[in-house]
Amino acid sequence: MNFRLRFFVLLVAVAMLSATAVIAQSPVAQTPPMGWNSWNYFAGKVDDKGIRAAADQIVATGMKDAGYIYVNIDDTWEGERDASGVIHSNAKFPDMKALADYVHSKGLKIGIYSGPGTKTCAGFPASLGHEEQDAETYAEWGIDYLKYDLCSFRDDVMQKQDPDDKAAQMKLMIAAYEKMGKALQAASAKNGHPIVFSLCQYGWDSPWEWAPALGGNLWRTTGDIQARWQSIYDIASQQSGLEKYAGPGHWNDPDMLEVGNGKLSLAENRTHFSWWAMLAAPLLAGNDLPNMKPEVNAILTNRDVIAIDQDPLGKQGKHAYSDGEVEVWTRELQGGALAIAVINVGSDRYSTHPFHLDLARIGLGSQQTGKDLWTGKTINLTNNEPIELPSHDILLVRLDHPQS
Ligand code: GAL
């Protein structure tokens, strides 16, 4: 081979190698992220030991096998910045890199939390003026996911700079998220592994319209969830109409799961989980994993329901119609399949007063055969047949072959 030919062969080899490197770095969040987050149950009590225990439990309870991958540290991990501005974790987290290594050793990924202001919501140091530096620190620790929460940016910057101009305030907010989006992309490129970018600004100024363009993989659509039926119901209702904004790599986030928390009944836990699956929502459990009851574990690991959430088509479900206190939602799935959720959202309609499902109203013929995803059994649906549902319970059906 002459020198020119050898040089050409070398160039082709280098090009092929770098193409493989790009392909190897597959894009994140092609289906809604699944995992666990410390806030809903532990809030400020989260520490290194608790995160390790959560990672252990995700494996031991079968949640990892069911698809839960991210172990996310929420607020209160942050310590002080050193003289060069580098953020350090506080005494609850003695060695973030070692913790990330531990979580990774379980085949899981690790997430962290900050915000664009000077302080997080719990009053710990946030990223204002240190965005690039923080993104690099996270990447060096091996962090795979960042939840970025507006919090003090409202007073620190928006209110201070433009007290009387809401539109200008929103521009500042969007610019702050854009800044961190860019910083994460740069840090990811440098360190060779992607970081999921989760926007938490409570749905202000329609983030679904602008967050995907600045690298957002998910964005909160509402205020904080609570472990009460009313909160779950209100949040779910506010998702109607947002379905067109979700898709692979970018998802509406109706907030983390409360399954297993508070005084939610089993029916409410089932409905909450199913509804989030219909909404193609991120499934981030937020319960006390070491003390999880078997029936809660069974809900969180229902593979059929998870398959609805994780459907590769990535089409968020929509509200089809309501009849009094009963709501019908549908979700188109890959291969022409369809999920139907019939939810008794009220507290006054008793199971002895059945609901009659109108198949024509959801574009279907009068006879359907599918799978009831909570009994695991085959179900035949006939037009207008009576369906008895206790208060806050759900019928969730998958039709692999809907008949017109
Ligand atoms: C809230 C956020 C919660 C949690 C909390 C931590 O703003 O919505 O999910 O992260 O801050 O302080």
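The rules behind these values
Residues numbered from 1 in each chain as written. Predicted model: local features only at pLDDT ≥ 70, side-chain atom pairs only at ≥ 80, totals over all residues. Heavy atoms only, no water. Near = heavy atom within 4 Å. Polar contact = N/O pair within 3.5 Å; in protein donor to acceptor, adjacent residues only side chain to side chain. Areas by Shrake-Rupley, 256 points an atom, 1.4 Å probe, with all protein chains shown as cover. Nonpolar A, V, L, I, M, F, W, Y, C, P; charged D, E, K, R; others polar. Pairing = 2+ DSSP bridges. Helix = DSSP H or I, 4+ residues; strand = E, 2+ residues; numbered from the N terminus. Axes fitted to C-alpha atoms, helices over the stretch in contact; angles between N-to-C directions. Contact = heavy atoms within 4.5 Å. Buried < 20%, exposed > 50% of the residue type's maximum accessible area, 1.4 Å probe, protein only. Arc of directions from axis to C-beta.

Draft legend 1. Highlighting the site of the ligand. Taken together, 13 residues are adjacent to the ligand, and D74, D75, K147, D149 and D224 come closest. Within the side chain of D74, one N or O atom sits 2.6 Å away from an oxygen atom of the ligand. K147 is positioned with one of its side-chain polar atoms (N or O) 2.8 Å from an oxygen atom of the ligand. Out of a free accessible area of 310 Å², the ligand has 94% covered by protein chains. Across the shell around the ligand, the residue classes tally to 7 nonpolar, no polar and 6 charged.

Draft legend 2. Layout of the sheet that holds strand β15 (residues 367-372). Spatially, 6 strands are ordered β11-β12-β13-β18-β15-β16 in an open sheet, and the strand pairing comes out antiparallel. Each of the sheet's edge strands pairs with one partner strand only, and the pair in question is β11 (318-323) and β16 (378-382). On average, each strand axis in the sheet is tilted by 30° relative to the strand beside it, whichever way the strands run. Inspection of the sheet shows β15 paired to strand β18 (residues 394-399) by 2 bridges, in the antiparallel sense. If you follow K371 over to β18, its bridge partner there is R398. Sheet strands touched by helix α11 (residues 266-278): β12 (326-332), β13 (338-344) and β18. Its angle to β12, the strand with the most contacts, is close to 40°.

Draft legend 3. Just helix α7 (residues 153-161), in detail. Every buried residue of α7 is listed here: F153, V157 and M158. Buried residues of α7, viewed axially, fall in a sector of 85°; they line one side. When the buried face of α7 is taken as reference, the exposed residues oriented beyond 90 degrees from it are D155 and K160. Buried residues along α7 sit against α8 (166-191).

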